[in-house]
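Observations on the three-dimensional arrangement
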Amino acid sequence: MSNKISGAEILIKALIDQGVDTVFGYPGGTIMPVYDRLYGYADKLHHYLARHEQGAIHAAEGLARATGKTGVVFATSGPGAMNLLTGLNDALIDSTPVVAITGQVATAFLGKDAFQESDIVSVTLPVTKWTIQVRKPEDIAPAVAKAFYIANSGRPGPVVIDLTKDAQTAMSEYVPAVCTDIRSYQPDPHIQDSLILEAAELINKAQHPLILSGHGIAISKGEKELLDLAEKASIPVATTMLGLSTIPSDHPLNVGMLGMHGNLGANINTNKADVIIALGMRFDDRVTGDVKKYAPNAKIIHVDIDASEFDKCIKSHVHIHGDVKKALDKLLPFINDSKHEEWIASFAKLREIEEEKVINREINASTADGSMLMGEVINKVSLALGDNAVLVTDVGQNQMFGVKYFRFNSPLSIVTSGGLGTMGFGLPASIGAKIGAPDREVVLFVGDGGFQMTIEELGMIMEYNVGVKIVLLNNNFLGNVRQWQHLFFEGRFSATPMLNPDFKMIGAAYGIPAVDVSHRDQLDKEIEKMAAHKGAYILNINIDPTDMVFPMTPPGAGVDEIMLSEHEYFKAEN
């Protein structure tokens, strides 16, 4: 009796052997053999039918970001595979492990412009860690093992396996494959002890040290080590946007978020620090502002798993190439117990100014027509959902307000498109996050623009009863672009006003309870109802279109040149 099975079934078995139990996707002609074999494994491999391939890959990203596992997505050839490109690019920039399995025309038709043929290998190479085309069934299991090893080791990222149709239908024996090593690929580099000692010496001598905690802390599961370093040496911790949940929001050494819309203390004191310890972050331009004006007084210690980040944007004095959790483990024994009371107090003073000038104005809003501000809504929702909720945002003002006014208490609690800024990311990513973390509340803050980019994924919520709480911050504008037009383009609102549909009726069409919150007097009661509801829910909030995100470092400015409002700049003391 032959032990041979089809390549499609080999793929299914190989995925299960990798621990995969969830896959998002959309069937089509060249991936149909895989879907046919999937039919017999529904108890082991749960497939979620997205309504668009972009939704499928963003859902896979959401699952990966909320769990640390590798997300998996299926798509057919041609337009199906091409619809994954935005998600692949998003996953690459934000270091998110995703394996995409794409169907491809049969080997005999490659290069002949066959129906739905696209050269997905060439197209995806710039936006993946690795891409491979498999043409024989016996090569599928080794390719899967290698793909998962690459996707979730070192600096994680997306991988594509392009399967020709004949590879899926041809027969071969299934031989389980394991990959733990690839020649020339070193995802866990040796950390040099001499550099650890150099870094420790700088930290121990510092009078104004500052830790910058990035996404790499979350990826390496180094949250405890981060706190051990900060508490032992009494060092303030500022975070990147993707690093926000690496330290609890209420920790006394947490001084807030860095960057264009970051907190006053974190940004101002970046340029007063004498030593900066950058952990698993890449000095993105939204963090640094004008690099010529960035951290002029600081010696910079940069720890990262990806050596290409060293000196790419900001020159470091010591760069430690390695896993950030392991680097901190090595560093901690050489760090002296220290106190930096005056330095820490300077952040508190800046926080008081920000609360007076910005935060209190936002969360204690009063508008004549009863329309609401984003900050007050997010603050109230965060309090209502408690400390363990996962924040998902789309991109725009909803994102900036979301990350600033939400509270974090647990790791892996923020899912947002950071480096690419992908509108339409939020809804499918929240679905993936909830499927990956079913025991946690998952709340999506989304604008009316981004919501409509992937609104069809409400179908996934309907079909699979995914209990995402959706807070639609509806201002009938592309709000972030409107803010820039108001501040820098003399109020010419070109192509930013939006005529929106009846979102309450759309929710009803998908069987999702939806409520219009048109006046501030309704807000507390409706948030309470949403928090108590056990399934999916939509709050369509009437947001004041003139609401703007502050503080703000204008484009081209230094990180300490900050607008507190459209009329007021903060002037830092020397």
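Please read all numbers here as calculations on a predicted model, not as lab measurements.

Conventions adopted
Residues numbered from 1 in each chain as written. Predicted model: local features only at pLDDT ≥ 70, side-chain atom pairs only at ≥ 80, totals over all residues. Heavy atoms only, no water. Helix = DSSP H or I, 4+ residues; strand = E, 2+ residues; numbered from the N terminus. Rg over C-alpha atoms; globule rule 2.2 N^0.38 Å. Buried < 20%, exposed > 50% of the residue type's maximum accessible area, 1.4 Å probe, protein only. Contact = heavy atoms within 4.5 Å. Polar contact = N/O pair within 3.5 Å; in protein donor to acceptor, adjacent residues only side chain to side chain. Pairing = 2+ DSSP bridges. Axes fitted to C-alpha atoms, helices over the stretch in contact; angles between N-to-C directions. Phe/Tyr/Trp six-rings, centres within 6.5 Å; stacked < 30°, edge-to-face > 60°. Lys NZ or Arg CZ within 6 Å of the ring centre and 35° of its normal. Salt bridge = Lys/Arg side-chain N within 4 Å of Asp/Glu carboxyl O. Right-handed = clockwise from strand over helix to strand, strands pointing away. Lys, Arg positive; Asp, Glu negative; His and termini not counted. Parallel < 35°, antiparallel > 145°, perpendicular 65-115°, else oblique. Left-handed = near helix turned anticlockwise from the far one by under 90°. Expected span 1.5 Å × (residues − 1).

**A closer look at the overall build of the protein chain**
- Across its full length, the protein chain carries 23 helices and 22 strands.
- Taking 574 residues into account, the globule formula puts the C-alpha radius of gyration at 25 Å, and the protein chain, at 24 Å, falls close to it.
- Expressed along its principal axes, the backbone C-alpha trace of the protein chain runs to roughly 80 × 60 × 40 Å.
- Scored against the burial criterion, the 574 residues of the protein chain give a buried share of 59%.

**Topic: the environment of V237**
- Within the secondary structure, V237 is located in strand 10 (residues 237-239).
- Remark: the alpha-carbon pair of V237 and I470, spanning 233 residues in sequence, is separated by 31 Å.
- Setting aside residues no more than four positions away along its own chain, V237 makes contact with I211, S213, L226, A230, I247, L253, N254, V255 and G256.

**Considering unusual backbone geometry**
- Cis geometry marks the peptide bond from F550 to P551; its omega dihedral reads 0°.
- Turning to its location among the elements, P551 is positioned in the loop between strand 20 (537-542) and strand 21 (562-563).
- The phi angle at S234 is positive, at roughly 55°, despite the residue not being glycine.
- Mapped onto the elements of the fold, S234 is located in the loop between helix 11 (223-233) and strand 10.
- Even without a glycine there, the phi angle at N465 is positive, about 55°.
- Tracing the sequence through the fold places N465 in the loop between helix 20 (458-464) and strand 18 (469-474).

**Brief notes about the side chain of T128**
- Looking at where T128 falls in the secondary structure, it is placed in the loop between helix 6 (120-124) and strand 6 (130-134).
- The buried category is assigned to T128, whose relative accessible area is 9%.
- Within polar-contact distance, the side chain of T128 engages the backbone oxygen of T124 at 3.0 Å.
- The contacts of T128, once residues within four sequence positions are left out, are L88, L92, P158 and V160.

**Digging into the sheet that holds strand 17 (residues 442-447)**
- Pairing in this open sheet of six strands is parallel, and the strands run 16-15-17-18-20-19 from one edge to the other. The open sheet has two edge strands, strand 16 (414-415) and strand 19 (514-517), and neither has a second partner.
- Note: strand 15 (residues 390-393) against strand 17, four bridges, orientation parallel. Each bridged residue has a counterpart across the sheet, and for T393 the counterpart in strand 17 is F445.
- Here helix 16 (residues 374-385) sits on the sheet in contact with strand 17, strand 18 and strand 20, set at roughly 170° to strand 18.
- Sitting on the sheet, helix 17 (residues 397-405) is in contact with strand 15, strand 16, strand 17 and strand 18, with an inclination near 160° to strand 15.

**A look at the packing of aromatic side chains**
- The full count for this structure, using the stated rule, is twelve aromatic pairs.
- The rings of F24, Y48 and Y464 are connected pair by pair, giving a single aromatic cluster.
- Geometry around F477 places R482 over its ring, the cationic atom sitting 4.8 Å from the centre.

**A short note on the pattern of salt bridges**
- Scanning the entire structure with this criterion turns up 22 salt bridges.
- As a salt-bridge pair, D36 and R37 come within 3.4 Å of each other at their nearest N and O atoms.
- One salt bridge connects E490 with R492, and the closest N-O pair in it is separated by 2.8 Å.
- Since its relative accessible area comes to 69%, E490 is described here as exposed.
- Via salt bridges that share partners, R155, D306, E309 and K312 belong to a single interconnected network.

**Digging into helix 1 (residues 7-17)**
- Along helix 1, eight of the eleven residues are buried, which leaves the element largely enclosed by surrounding structure.
- When we look at burial in helix 1, the residues that qualify are G7, A8, E9, I10, L11, I12, A14 and L15.
- Positive phi appears at G19, one or two residues downstream of helix 1, with a value of about 85°.

**Structural notes on the pairing of strand 15**
- Here strand 15 shows no split at all, with V390 and V392 on one side and L391 and T393 on the other all buried.
- By the bridge criterion, two bridges tie strand 15 to strand 16 in an arrangement that is parallel. Paired with L391 across the two strands is I414, which belongs to strand 16.
- Of the crossover connections in this fold, the one passing from strand 15 over helix 17 to the parallel strand 16 is right-handed.

**Focus: the side chain of D304**
- Along the chain, D304 turns up in strand 13 (residues 299-304).
- No salt bridge is formed by the buried D304; its nearest oppositely charged neighbour, R155, is found at 5.4 Å.
- Setting aside anything within four residues of it in sequence, one finds D304 in contact with G280, M281, E309, F310, I320, H321 and G322.

**Some remarks on the sheet that holds strand 14 (residues 318-321)**
- With parallel pairing, six strands are arranged side by side in an open sheet as 11-10-9-12-13-14. What marks the edges here is a single partner per strand, and that holds for strand 11 (254-257) and strand 14. Strand-to-strand, the axes of this sheet are offset by a mean angle of 15°, without reference to chain direction.
- Most of the contacts of helix 11 go to strand 9 (residues 209-213), to which it runs at about 170°, and overall it touches strand 9, strand 10 and strand 12 (275-279).

**Overview of the packing of helix 15 (residues 341-363) against helix 17**
- Close contact between helix 15 and helix 17 brings their axes to 13 Å; oriented N to C, the two are set at 110°. Between helix 15 and helix 17, the angle is such that the two are roughly perpendicular. Crossing handedness for the pair helix 15 and helix 17: left-handed. Along the contact surface, helix 15 presents E354, V358, I359, E362 and I363, while helix 17 presents F401, K404 and Y405.

**A closer look at helix 7 (residues 140-151)**
- Across its twelve residues, helix 7 extends 16 Å between first and last C-alpha, which sits within 8% of the 16 Å expected from 1.5 Å per residue.
- The buried fraction of helix 7 is high, at ten of twelve residues.
- Among all positions in helix 7, only I140, A141, A143, V144, A145, A147, F148, Y149, I150 and A151 are buried.
- Taken together, the buried residues of helix 7 touch helix 1, strand 4 (71-75), strand 5 (98-104), strand 6, strand 7 (158-164) and helix 8 (165-169).

**Concerning the pairing of strand 13**
- Strand 13 sits mainly inside the fold: five of its six residues count as buried.
- For strand 12 and strand 13, the ladder comprises five bridges, and the chain directions are parallel. Bridging across to strand 13, A278 finds its partner in H302.
- The pairing of strand 13 with strand 14 spans four bridges and is classified as parallel. The partner of D304 across the bridge, within strand 14, is H321.

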